[in-house]
Amino acid sequence: MIRVCEDAFDAAAEISAFTSRAPQSGAIVTFLGQVRGQGPEGDIKAMTLEHYPGMTERALEKIEDEARRRWPLDEVTIIHRHGKLTPGDPIVFVATASPHRLAAYEANEFLVDWLKTKAPFWKKEEGGFGEKWVAAKSDDDEAAARWD
Amino acid sequence: MTILYFAWLKDRMGKSEEQIALPEGVATLGDLITHLQAGNPQFEAIFSGDAKVLAAVNQDMATPETPVSNADEVAFFPPMTGG
């Protein structure tokens, strides 16, 4: 299940809803990404996420399809926000359910690594330094390449 | 043809979207980039600089060999920073 939205989500409520959709799964793994208050340039006041409406949803669907192809998953949820966020706000939630934990953990890590490099979002940080578009990190590319 | 710009490309181009009529002879994304560079100094500066620029045609990632037609939607953007 994919949700791309501007509104905040409640991680606890999403975990509860996800778990109720996968009552037969032995293992459920969840990831929550939040806006950090500190970046390499200094304190972050706000972070704006731009996205490509249409392509973003399709890209997330393809990423979910790929995870389901590689691992035996009973349920997958990806929630990713766009718009203007502030430190502590939830940005992304990824949940995976599988009969056993290895697949649930690996698929979740795969999904987050691919989200960081293949999902059409672009982050702009705002702080004392002004505004700066965040540059893609080679660490993220390397993490995603592990799954190739 | 619709052309979309995202992130710092949008800032540098001064617009997020434009409509163009695809000229005769422009058949691939590579052809389109060459054509846009010739017609627009900001576009030329972006593409001749060091920064990596990616493109999608009809919301699928594209390469210079990807065919383009007048009905397509082409988007230019920097490497993605989601998640």
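As the structure is a computational prediction, the values presented were derived from the model and not from experiment.

Caption draft 1: Representation of the pattern of salt bridges. Applying the stated criterion across every chain, the model contains 14 salt bridges over all chains. Here A:K62 ties to B:D60 by a salt bridge, and the two come within 2.9 Å at their closest N and O atoms. With one member in each of two chains, A:K62 in helix α2 (residues 55-70) and B:D60 in strand β4 (residues 60-61) form a pair that bridges those chains. Residue classification places A:K62 among the partly exposed positions, given a relative accessible area of 45%. A relative accessible area of 30% means that B:D60 is categorised as partly exposed. When salt bridges with common partners are traced through the structure, they connect A:R58, A:K62 and B:D60 into a single cluster.

Caption draft 2: Layout of the sheet that holds strand β5 (residues 75-81) of chain A. All names here are of chain A. The four strands are arranged β1-β5-β7-β2 in an open sheet whose pairing can be described as mixed. Every other strand in the sheet has two partners, leaving β1 (2-5) and β2 (27-34) as the edge strands with one partner each. Sheet twist, expressed as the mean angle between neighbouring strand axes with direction ignored, is 5°. Set on the sheet, α2 makes contact with β1 and β5; between it and β1 the angle comes to about 155°. Running over the sheet, helix α3 (residues 101-118) touches β2, β5 and β7 (90-98) and is turned about 150° from β7.

Caption draft 3: Representation of the nonpolar core within the structure. Residues A:W122, B:M1, B:L29, B:L32, B:V74 and B:F76 are the most contacted members of the largest nonpolar core, which totals 33 residues. Breaking this core down by element, the ones donating at least two residues are β1 (2-5), α1 (8-13), α2 (29-39), α3 (41-48), β3 (54-57) and β5 (73-77) of chain B. Residue contacts for B:L32: discarding those within four places in its chain leaves B:M1, B:I20, B:L22, B:V26, B:V74 and B:F76.

Caption draft 4: Fine view of the pairing of β5(B). Residues and elements named next belong to chain B. Within β5, four of the five residues are buried, leaving the element largely enclosed by the surrounding structure. The sheet contact formed by β1 and β5 spans four bridges and is parallel. Bridge assignment links Y5 to a residue of β5, and that residue is F76. Where β3 meets β5, four bridges bridge the pair, whose relative direction is antiparallel. Paired with L54 across the bridge in β5 is F77.

Caption draft 5: Region of the structure containing the environment of A:A95. Residue and element names in this part refer to chain A. Of note, A95 is situated in strand β7. A relative accessible area of 0% places A95 in the buried class. Separated by 12 residues in the primary sequence, A95 and A107 have C-alpha atoms spaced 9.2 Å apart. Dropping the residues within four chain positions of it, A95 is found in contact with F18, V29, T30, E75, V76, T77 and N108.

Caption draft 6: Here's a closer look at the interface of chain B and chain A. Contacts between chain B and chain A engage 21 residues on the former and 25 residues on the latter. Between chain B and chain A, the buried area comes to about 1800 Å², and carbon and sulfur atoms account for 56% of it. Together, B:M80, B:T81 and B:G83 form the three largest contributors to the area buried by chain B at its contact with chain A, with a combined 39%. Counting the contacts that link chain B with chain A gives 13 residue pairs in polar contact (both at pLDDT 80 or more). Listing elements by their share of the side of chain B that touches chain A, those giving two or more residues are β1, α1, β4 and β5 of chain B. When the residues that make up the side of chain B that touches chain A are grouped by side-chain class, the tally is 12 nonpolar, five polar and four charged.

Reading the values: rules and limits
- Residues numbered from 1 in each chain as written.
- Chains lettered and ligands numbered in written order.
- Predicted model: local features only at pLDDT ≥ 70, side-chain atom pairs only at ≥ 80, totals over all residues.
- Heavy atoms only, no water.
- Salt bridge = Lys/Arg side-chain N within 4 Å of Asp/Glu carboxyl O.
- Helix = DSSP H or I, 4+ residues; strand = E, 2+ residues; numbered from the N terminus.
- Buried < 20%, exposed > 50% of the residue type's maximum accessible area, 1.4 Å probe, protein only.
- Pairing = 2+ DSSP bridges.
- Axes fitted to C-alpha atoms, helices over the stretch in contact; angles between N-to-C directions.
- Contact = heavy atoms within 4.5 Å.
- Core = buried A, V, L, I, M, F, W, Y, C linked by side-chain atoms within 4.5 Å.
- Buried area = accessible area lost by both parts, 1.4 Å probe.
- Polar contact = N/O pair within 3.5 Å; in protein donor to acceptor, adjacent residues only side chain to side chain.
- Nonpolar A, V, L, I, M, F, W, Y, C, P; charged D, E, K, R; others polar.

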